[in-house]
Amino acid sequence: MLFFRVDIGYFFHDIKFFSFFQRFHFANCHTLLILRHMTCQNPKITLENPALFDRGEEQNKTIRVKKNECQKYLFVPEEGGEYERTIHVEEGAVFRGSSICVWTDMVLKMSVFIEWSRSEASLRLLWLATDGAKISIDGIGNVAPWCTEVKIRIDQVNILLGKNISIRGRPVLHVATESIEWGHSCTVHRISGESLFYLQSHGLDRKTAESLLLDGEIRKCTELLGEEGERVKEEVVAKIHK
């Protein structure tokens, strides 16, 4: 049995592999494993629950996805502060979660626990950092050693929209099984590059092009809510421009 833990951070990239006989430590490694997009289209799913929209009314909250159910979840807090969310995914269940944070002073810990077989979980954490933002975010995935045929992915995206920003981002996977498809990523960037150049080369000014690209990133999270997601996206954009 192979046991391993993976930590990725903005200020460090660290991968550690543990087994009973050996230990490897690879520093400054950049890891991005690509999994196919997780949806609720699992033949074992018997009930797709209405999407949960969490505005951060509670500082700590636990969510449980029951056997053979699918749960979509979006966390967009109304104000800054410290928040913790814990998600338990039962046998044959699917969890698809996202969060969008735009506040300048905030701490978020979001943990997913898979303790049953044939379960899936994906988590996308989007942070839109404006001037003077001080933010810390942990996306943690835990998979028990007796689980088989499980999938888990955690992605963190930090987009810099201002100056004097401090970010601590750390997606972590605690995995103790070999029967798994898994992956994670952590990126920190400004809106730029080939996509921005492409839009500008087709006649859009820089501000309009940046807005379109930012809308696309936000929509990747809000689409979980269906039609209501468009309204949520507009709310997020309005907060950015305050």
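Residues numbered from 1 in each chain as written. Predicted model: local features only at pLDDT ≥ 70, side-chain atom pairs only at ≥ 80, totals over all residues. Heavy atoms only, no water.

S.K.: Residue-level account of the pairing of strand β12 (residues 134-143), with values.
M.R.: Within β12, nine of the ten residues are buried, leaving the element largely enclosed by the surrounding structure. Bridging between strand β10 (residues 105-114) and β12 involves ten bridges; their strand directions are parallel. Across the sheet, the residue bridging to I114 is V143, located in β12. (Buried < 20%, exposed > 50% of the residue type's maximum accessible area, 1.4 Å probe, protein only. Helix = DSSP H or I, 4+ residues; strand = E, 2+ residues; numbered from the N terminus. Pairing = 2+ DSSP bridges.)

S.K.: Quick one: what's the story with the side chain of N158, residue by residue and with numbers?
M.R.: Here N158 shows up in strand β13 (residues 150-160). Judged by relative accessible area, N158 falls into the buried class, the value being 0%. A polar atom in the side chain of N158 sits 3.1 Å from the side chain of Q156. Filtering out sequence-adjacent residues up to four positions away, N158 remains in contact with W127, I167, C186, T187, V188 and H189. (Polar contact = N/O pair within 3.5 Å; in protein donor to acceptor, adjacent residues only side chain to side chain. Contact = heavy atoms within 4.5 Å.)

S.K.: Which residues make up unusual backbone geometry, and what are the values?
M.R.: You will see that N68, though not glycine, has its phi angle at about 60°, which is positive. Its location among the elements puts N68 in the loop between β6 (60-65) and β7 (69-75). On the basis of relative accessible area, N68 is assigned to the buried category, the value being 19%. The backbone of N164 shows a phi angle near 55°, a positive value even though the residue is not glycine. Take N164: it is sitting in the loop between β13 and β14 (166-175).

S.K.: Please set out helix α3 (residues 227-240) residue by residue, giving values where relevant.
M.R.: Residues of α3 that are buried: G229, V232, K233, V236, V237, K239 and I240. Along the long axis of α3, the arc covered by the buried residues comes to 155°, so they all point the same way. (Arc of directions from axis to C-beta.)

S.K.: Now, about the environment of K207: what can you tell me, with residues and values included?
M.R.: If you trace the backbone, K207 turns up in helix α2 (residues 206-222). Judged by relative accessible area, which is 64%, K207 ranks as exposed. In the structure, K207 is positioned eleven residues away from L196 in sequence and 9.8 Å away in space, judged by C-alpha atoms.

S.K.: Give a detailed account of the packing of α2 against α3, specifying residues and quantitative values.
M.R.: Viewed as axis vectors pointing N to C, α2 and α3 meet at an angle of 135°, and their least axial separation amounts to 9 Å. In terms of axis orientation, α2 runs oblique to α3. Here α2 and α3 pass one another in a crossing that is right-handed. Where α2 approaches α3, its residues L214, D215, I218, R219 and T222 are matched on the opposing element by G229, E230, V232, K233, V236, V237 and I240. A breakdown of the residues in the contact of α2 with α3 according to their chemical character gives six nonpolar, two polar and four charged. (Axes fitted to C-alpha atoms, helices over the stretch in contact; angles between N-to-C directions. Parallel < 35°, antiparallel > 145°, perpendicular 65-115°, else oblique. Left-handed = near helix turned anticlockwise from the far one by under 90°. Nonpolar A, V, L, I, M, F, W, Y, C, P; charged D, E, K, R; others polar.)

S.K.: Break down the packing of aromatic side chains for me, with residues and values.
M.R.: All chains considered together, the criterion is met by two aromatic pairs. When the ring of Y73 is compared with that of F95, the centres are 6.1 Å apart and the planes differ by 35°; the resulting orientation is tilted. Of the two residues, Y73 is situated in strand β7 and F95 in strand β9 (residues 94-101); the sequence distance between them amounts to 22 residues. Residue classification places Y73 among the buried residues on the basis of a relative accessible area of 1%. Note on F95: relative accessible area 0%, which makes it buried. Arranged with centres 5.4 Å apart and planes meeting at 70°, the rings of F75 and Y83 form a pair that is edge-to-face. The same class applies to F75 as to Y83, namely buried. (Phe/Tyr/Trp six-rings, centres within 6.5 Å; stacked < 30°, edge-to-face > 60°.)

S.K.: Tell me what's going on with the pattern of salt bridges, and back it up with residues and numbers.
M.R.: Counted according to the given criterion, the structure contains 18 salt bridges. Here E235 makes a salt bridge to R55, at a shortest N to O gap of 3.1 Å. Here E235, found in helix α3, pairs with R55, found in the loop between β5 (52-54) and β6; they are 180 residues apart in sequence, far enough to count as distant. For E90, the salt bridge is made with R64, and the minimal N-O distance between the two is 3.7 Å. On the criterion of sequence distance, the pair formed by E90 in the loop between β8 (81-89) and β9 and R64 in strand β6 is long-range, its members being 26 residues apart. Assessed through its relative accessible area of 45%, R64 is described here as partly exposed. (Salt bridge = Lys/Arg side-chain N within 4 Å of Asp/Glu carboxyl O.)

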